[in-house]
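# Structure assessment
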Amino acid sequence: MNKRKKTIFGSAIFLILYIGMGAMCYRLYLRQAIGFPGPMGRYMADLRSHMISGINRTGYSLLEVIYGFLLRTRKLNEKPAAVLLAVVTMLTVYLTWRVIKLLCPRGNRWILHLMAFAAMFVMPLFLPMVNPYRYLGLQSGTIWHNDTYTGMKMGGMLVLLLYFRYQQTYRGRKIAGRYVGGLEMREWFAFTVTLILVNLLKPNFILCFAPAMAIMLLADCIRDRGETLLKQILFGIPVLISLVVVVYETAVLYQGGDSDSHVVFTMLYSLKFWNTHPIASLFQSAAFPLMVLAGTWRELKTDRIYRASWLIWGIGLLEYLFLGESGERQNHGNFSWGYSFCMFLVFVVCMCKMYQMLEKEWVQYRLSKKSIGAYLKTADRKKRLRLLYLLAAVLLFGWHLGCGLKYSWMTYLGNPYLCDY
C-alpha cells in the first residue's frame, strides 16, 4: 500500500471513529436530556436541570443560554442540544489530538490520534476493597453526566493549545541585548477570545489555569531580570479581561437573596465526603501520571509545557482539597470540576511522555538489528530496569483505560453514577 492509499485508509478509519463516537454521544446526551429509562436504569445527569435553567433564564453558563434559545425561543425539542454536546465532545477529541501533536511533533499521527481518543476514557483505578465507587469520591477527567464540564473541557483544551504555543514565543528573540518580536495582535486576540469562551462555559478552568500562568510569567520575568516585564503584562491581560465573566457568574451563583451558599475554606471536605480511604483515592485517580512523573521529574526543569501542566494540576489539587461551598451547595463538590480537568491534562501530557520514551526504545531496538530475546539478553541492568518501568507504565495505563471504558459503557446503558458496579 503506497503512502497516498495509507493516508486515505487512515483518514477513513478515523472518520468512522468520529462518526461512531459522535452517534453514541448523541444517544447518551439525548437520553440524559429526557430522563429516558435505559437497560440499567434512568439516565442521571445535570443536563435536564440546566435546560430548565436556560428556559427560566436563571443559568450562568453559555450552554444554558443556548438551551434557552433552542427550547424557549425556537420551540425545539431536546435533539439539537444533544447534537450540540456530541459535536463539542468530538471537538474535544480533535483539540486533544492537536495538543498531543504539539507535544510529540515527530510522532506517528495515527497513533497520536488514537491516544486522543483513549484520553477521553481513562478513569481512576477501580479498587472496591479500598473505595466502593468507580467515580464518586475519586477524581476523573472523564465525566459524562455534566454538560457544562463537557463544554469547559473543550474550551480548556483550546486555551491550552494556544497557550502552549505562545508561551514558547511570547517573549520574542533576544537580539543585540534586546528582546524583539513576541505575540502578534491576532494571536493576542485569539487567546483573549478563547479565555472568554471557556469562562462563559464554566469558570472552574480559569481558577486553576490563571494562578499557574501567573507563576510561569513571574518566573520568566525574574529569569530575564525584568527585561520582558511588558511582554509578561501583555500576555497576562487576556486572563484579566476574561475574569469579568467570572465576576458575573459568581454574582449569579451566589446572589444573596436566593442562595445561602458562599465560597469557604475547608479541610479536605470534598475529598472525605464520599471516600472510605480519602488519601488512597488521590493515588487511585492519578496512578499513571504519578508513575510517569517519577521517571521524568528531571524534565520539569527543561520542558516548559510539562512544567506548566503539572503546575496547573497542583493548583487544581489545592483548590479541590481546601476550597468548598456552604449552604445548599455544600455537598455538590463544585470545586472538583477544575481538578477533574487537571487530571485530564496530566493524563494527556504523561501519555505523550510515555510515547516519547517508548519511541526512543523502539528506535534503539531497531538500530541494534537484534531479535527481542538477544536485545534483552545483551541489555545492561539499567536498560532492563528502564524497560521494566515502561512495561509497568503501559500496563498501568491500560488498567486506567479499561476502568474508563467499563464506566463509560455502563453510563451509556443508563447506570447512574451514584451507584457502584
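The model shown is predicted, which means the values in this text are computed figures rather than measured ones.

### Some points on the overall build of the protein chain
A tally of regular secondary structure across the protein chain gives 15 helices and six strands. On C-alpha atoms alone, the protein chain measures out to a radius of gyration of 23 Å, which is about the 22 Å that the 2.2 N^0.38 rule sets for 421 residues. Judged by the C-alpha coordinates and their principal axes, the protein chain covers about 70 × 60 × 50 Å. Of all 421 residues assigned to the protein chain, the portion counted as buried reaches 52%. Nonlocal contacts in the protein chain, meaning residues at least 24 apart in sequence, comprise 74% of its contacts between residues at least 6 apart. With an accessible surface of roughly 20500 Å², the protein chain has 67% of that area assigned to carbon and sulfur atoms.

### Regarding helix 8 (residues 204-223)
Since the α-helix turns once every 3.6 residues, residues separated by three or four places project in the same direction. The first and last C-alpha atoms of helix 8 sit 30 Å apart over 20 residues, in line with the 28 Å expected at 1.5 Å per residue. Taken together, the buried positions of helix 8 are occupied by N204, F205, I206, C208, F209, A210, A212, M213, M216, L217, D220 and C221. After helix 8 finishes, the residue R225 shows a positive phi value of roughly 55°.

### Some words on a nonpolar patch on the surface
Side chains of F9, I13, I16, L17 and L114 sit close together on the surface and give an oily, nonpolar patch of about 460 Å² of accessible area. No other element matches helix 1 (residues 3-34), which puts four residues into the nonpolar patch. Tracing the sequence through the fold places L114 in helix 5 (residues 109-119).

### As for empty space enclosed by the protein
Applying the stated criterion across every chain, the model contains three cavities of 30 Å³ or more. Its boundaries defined by the atoms lining it, the largest cavity holds a volume of some 70 Å³. Forming the walls of the largest cavity are Y29, T89, T92, M120, T142, I143, W144, Y149, T150 and K153. Counting residues per element, the ones that place at least two in the lining of the largest cavity are helix 4 (79-103) and helix 6 (147-166). Top element by residues in the lining of the largest cavity is helix 6. It accounts for three residues. For the lining of the largest cavity, the per-class residue count stands at five nonpolar, four polar and one charged. What the second largest cavity holds in volume is close to 50 Å³. In terms of lining residues, the second largest cavity is bounded by L28, Q32, Y43, M44, H145, Y407, T411, G414, N415, P416 and Y417. Only helix 1 and helix 15 (381-412) provide two or more residues apiece to the lining of the second largest cavity. The class makeup of the residues in the lining of the second largest cavity is six nonpolar, five polar and no charged.

### Section: helix 1
Between the first and last C-alpha of helix 1 there are 47 Å, a value that for 32 residues agrees with the 46 Å anticipated at 1.5 Å per step. Positive backbone phi, approximately 65°, marks G35, located one or two places after helix 1.

### Quick notes on the nonpolar core
Core analysis: the biggest nonpolar cluster contains 119 residues, and L160, Y163, F191, F209 and F288 have the highest contact counts within it. The biggest single contributor to this core is helix 13 (residues 336-368), with 17 residues.

### Considerations on the packing of aromatic side chains
Counted according to the given criterion, the structure contains 27 aromatic pairs. Ring centres 5.5 Å apart and planes at 40° place the aromatic pair W362 and Y365 in the tilted group. Of this pair, W362 and Y365 both sit in helix 13, three residues apart, roughly one helical turn. Relative accessible area serves as the criterion here: at 49%, W362 is assigned to the partly exposed category. By relative accessible area, Y365 is classed as buried at 18%.

So, how was this worked out
- Residues numbered from 1 in each chain as written.
- Predicted model: local features only at pLDDT ≥ 70, side-chain atom pairs only at ≥ 80, totals over all residues.
- Heavy atoms only, no water.
- Helix = DSSP H or I, 4+ residues; strand = E, 2+ residues; numbered from the N terminus.
- Rg over C-alpha atoms; globule rule 2.2 N^0.38 Å.
- Buried < 20%, exposed > 50% of the residue type's maximum accessible area, 1.4 Å probe, protein only.
- Contact = heavy atoms within 4.5 Å.
- Areas by Shrake-Rupley, 256 points an atom, 1.4 Å probe, with all protein chains shown as cover.
- Expected span 1.5 Å × (residues − 1).
- Patch = residues over 30% accessible without salt bridge, like charges linked within 9 Å, V, L, I, M, F, W, Y side chains within 5 Å.
- Salt bridge = Lys/Arg side-chain N within 4 Å of Asp/Glu carboxyl O.
- 1 Å grid on protein atoms, 1.4 Å probe; cavity = no way out; pocket = protein on both sides within 12 Å on 5 of 7 lines; lining within 4 Å.
- Points joined across faces, edges and corners; volume = space filled by probe spheres on them.
- Nonpolar A, V, L, I, M, F, W, Y, C, P; charged D, E, K, R; others polar.
- Core = buried A, V, L, I, M, F, W, Y, C linked by side-chain atoms within 4.5 Å.
- Phe/Tyr/Trp six-rings, centres within 6.5 Å; stacked < 30°, edge-to-face > 60°.

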